[in-house]
Amino acid sequence: MTFPSIAVVGAGGIGGVVAWSLARAGLSPTVIARGRSADALRRDGLTIERHGRRETVRVAVASPDDDIGLQDMVLGTMKAHDWPSAMPLLKRLIGPSTTLIPAINGIPWWYFAGQSEPAAPDTLSCLDPAGAMTSGIDPAGLVGCVVYMGATRMGPGCIDWSSGRRLVLGDVIPRRDGRLSRIAELLRQANLDIVETDDIRQEVWTKLLGNGVFNPLSVVASATMDEMIDDPSLRHICVAAMNELIAVAGSVGIALPVDAEQRLAMNGHMRGFRTSTLQDFEAGRPLEIAALVEAPCAIGAANGVDTPVLTVLGRLVTRFAIAQRGAAHA
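Cut-off values and rules
Residues numbered from 1 in each chain as written. Predicted model: local features only at pLDDT ≥ 70, side-chain atom pairs only at ≥ 80, totals over all residues. Heavy atoms only, no water. Helix = DSSP H or I, 4+ residues; strand = E, 2+ residues; numbered from the N terminus. Rg over C-alpha atoms; globule rule 2.2 N^0.38 Å. Buried < 20%, exposed > 50% of the residue type's maximum accessible area, 1.4 Å probe, protein only. Contact = heavy atoms within 4.5 Å. Areas by Shrake-Rupley, 256 points an atom, 1.4 Å probe, with all protein chains shown as cover. Lys, Arg positive; Asp, Glu negative; His and termini not counted. Charge placed at Lys NZ, Arg CZ, Asp CG, Glu CD. Expected span 1.5 Å × (residues − 1). Polar contact = N/O pair within 3.5 Å; in protein donor to acceptor, adjacent residues only side chain to side chain. Pairing = 2+ DSSP bridges. Right-handed = clockwise from strand over helix to strand, strands pointing away. Arc of directions from axis to C-beta. Phe/Tyr/Trp six-rings, centres within 6.5 Å; stacked < 30°, edge-to-face > 60°. Lys NZ or Arg CZ within 6 Å of the ring centre and 35° of its normal. Salt bridge = Lys/Arg side-chain N within 4 Å of Asp/Glu carboxyl O.

### Considering the overall build of the protein chain
Now for step 1: Helices and strands together make up the secondary structure of the protein chain, namely 12 helices and 10 strands.
Now for step 2: Compactness check: the protein chain gives a C-alpha radius of gyration of 19 Å against a globular reference of 20 Å for 330 residues, within 12% of the reference.
Now for step 3: For the protein chain, with 330 residues in total, the buried portion stands at 52%.
Now for step 4: Within the protein chain, residue pairs in contact and separated by at least 24 positions form 72% of the contacts whose partners lie at least 6 positions apart.
Now for step 5: Carbon and sulfur atoms provide 51% of the accessible area of the protein chain, an area that totals close to 14700 Å².
Now for step 6: Of the side-chain charges in the protein chain, 30 are positive and 34 negative, and the distance between the mean point of each set is 6 Å.

The structure is reproduced here in structure tokens:
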């Protein structure tokens, strides 16, 4: 199976790396970007800096208002909080045979789709306040995606790709038509490390065990990864919050393959690493706290699991962001 039309929505770090990899492999993606990003991509191409070397590829570029028709595959690389506002665009790209791959951090809006014991309708309302995604996107067309990649947008059309190339993919609604394997093979042509899973929800929680804790704490403590792990007080907060996430995951039938101490050990080598949420905070951008903190806390509340540490982290980060916006407009 081939995908003659592939759209990558979002020209940030992850979107840039994926689009660059696809274009470099001759798979001709269309990058959907706006403003200065779109102008730079059209004028200069898409540049990746990796290990001190730069390489530029040319890509097709469209703005969110352009009508490029229905696509065979759409990779959505926006932050979780940007998805509701992208629905008008997605509706123009997605048809009955389109595969949509949301490459987002945290709990996704589709998490309870097709589950034998569905959650209360408002459990994940923080992710989809008006219900636009739940009602407007057929979960049968979704392939869940968990990203293990370090990439930072240095400027319009220019990405610093520091680490990783792994995408974990799994059907949101199980299928037996081989679609997942065909998509995986296609993306491997772009030299991406693709892992197929039969349980994408477990993979979501496994990733969340790290960034659901490190990301908000890094803002509250203004700390890099190694500082959070090496400082005894911050480490204590990490362990407590991770144990809460493990309990919430267990409440929806997910047994995680690592405990809190093992998860901390996995990141001990990341000296000086600044989480994406800390980078967003320092740049004055909106923070993806709903998917990383609010949603797992809501799932916990719905299942009788207390999450006091996570809840406090989420509220503190929200207050920090409000204070930051106030200072910027003072």
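### Remarks on helix 8 (residues 232-251)
Now for step 1: Here helix 8 is 20 residues long and its end C-alpha atoms lie 29 Å apart, about the 28 Å a rise of 1.5 Å per residue gives.
Now for step 2: Listing the buried residues of helix 8 in full gives Leu-234, Cys-238, Val-239, Ala-241, Met-242, Glu-244, Leu-245, Val-248 and Ala-249.
Now for step 3: In this structure Asp-231 caps helix 8, since a side-chain oxygen of it lies 2.9 Å from the backbone nitrogen of Ser-233.
Now for step 4: Of the residues flanking the end of helix 8, it is Gly-253, one or two places downstream, whose phi is positive at about 85°.

### A few points about the side chain of Thr-224
Now for step 1: Following the sequence through the fold, Thr-224 ends up in the loop between helix 6 (200-221) and helix 7 (225-230).
Now for step 2: The exposure class assigned to Thr-224 is buried, which follows from its relative accessible area of 8%.
Now for step 3: Thr-224 has contacts with Gly-272, Phe-273 and Arg-274, leaving out every residue within four places of it along the chain.

### Regarding the environment of Thr-77
Now for step 1: Position of Thr-77 relative to the elements: it lies in the loop between strand 6 (73-76) and helix 3 (87-93).
Now for step 2: It is 8.5 Å that separates the C-alpha atoms of Thr-77 and Ile-101, two residues lying 24 residues apart in sequence.
Now for step 3: Only 2.9 Å separates the side chain of Thr-77 from the backbone oxygen of Val-9, close enough to count as a polar contact.
Now for step 4: A distance of 3.3 Å separates a polar atom in the side chain of Thr-77 from the backbone oxygen of Gly-10.

### Overview of the pairing of strand 4 (residues 53-57)
Now for step 1: Where strand 3 (residues 46-50) and strand 4 come together, five bridges link them in antiparallel fashion. Looking at the pairing, Ile-48 lines up with Glu-55 of strand 4.
Now for step 2: Counted along the chain from strand 3 to the antiparallel partner strand 4, the turn is two residues long, and its residue His-51 has a positive phi close to 50°.

### Digging into the pairing of strand 7 (residues 99-102)
Now for step 1: Residues Thr-99 and Ile-101 line one face of strand 7 and the alternating positions Leu-100 and Pro-102 line the opposite face, and both faces are buried.
Now for step 2: Here strand 6 runs beside strand 7; their pairing, made up of four bridges, is parallel. For Gly-76, the partnering residue across the bridge sits in strand 7 and is Pro-102.
Now for step 3: Note that the unit made of strand 6, helix 3 and strand 7 has a crossover that is right-handed.

### Regarding helix 2 (residues 35-44)
Now for step 1: Of all the residues in helix 2, the buried ones are Ser-37, Ala-38, Ala-40 and Leu-41. Taken around the axis of helix 2, the buried residues stretch over an arc of 165°, which confines them to a single face. Away from its buried face, by an angle of more than 90 degrees, helix 2 presents the exposed residues Arg-36 and Arg-43.
Now for step 2: Buried residues along helix 2 sit in contact with strand 2 (30-32), strand 3, strand 5 (60-62) and strand 8 (143-155).
Now for step 3: Phi turns positive, to about 85°, at Gly-45, one or two residues after helix 2.

### Thoughts on the packing of aromatic side chains
Now for step 1: One pass over the full model with this rule turns up five aromatic pairs.
Now for step 2: Plain terms: the ring middles of Tyr-111 and Phe-112 are 5.0 Å apart, the flat faces sit at 85° to each other, and that makes the pair edge-to-face.
Now for step 3: Residue Tyr-111 is classed as buried on the basis of its relative accessible area of 2%.
Now for step 4: Aromatic ring contacts, followed pair by pair, group Tyr-111, Phe-112 and Trp-205 into a single cluster.
Now for step 5: Between Arg-166 and the ring centre of Tyr-148, over which it is positioned, the NZ or CZ distance is 4.2 Å.

### Some words on the pattern of salt bridges
Now for step 1: Under the definition given, this model contains 14 salt bridges.
Now for step 2: The salt bridge partner of Glu-49 is Arg-54, with a shortest N-O separation of 2.8 Å.
Now for step 3: On the accessibility criterion, Glu-49 (23% relative accessible area) is partly exposed.
Now for step 4: Looking at Arg-54, the relative accessible area reads 55%, which means it is exposed.
Now for step 5: What emerges from the salt-bridge pattern is a single network uniting Lys-79, Asp-280 and Arg-285.

### Considering the environment of Ser-21
Now for step 1: Along the chain, Ser-21 falls in helix 1 (residues 13-24).
Now for step 2: By relative accessible area, which is 3% here, Ser-21 ends up buried.
Now for step 3: Distance from Ser-21 to Ile-200, taken between C-alpha atoms, is 23 Å for residues 179 residues apart in sequence.
Now for step 4: Once you skip the residues sitting within four places of it in the chain, Ser-21 turns out to touch Trp-161, Ala-190 and Leu-192.

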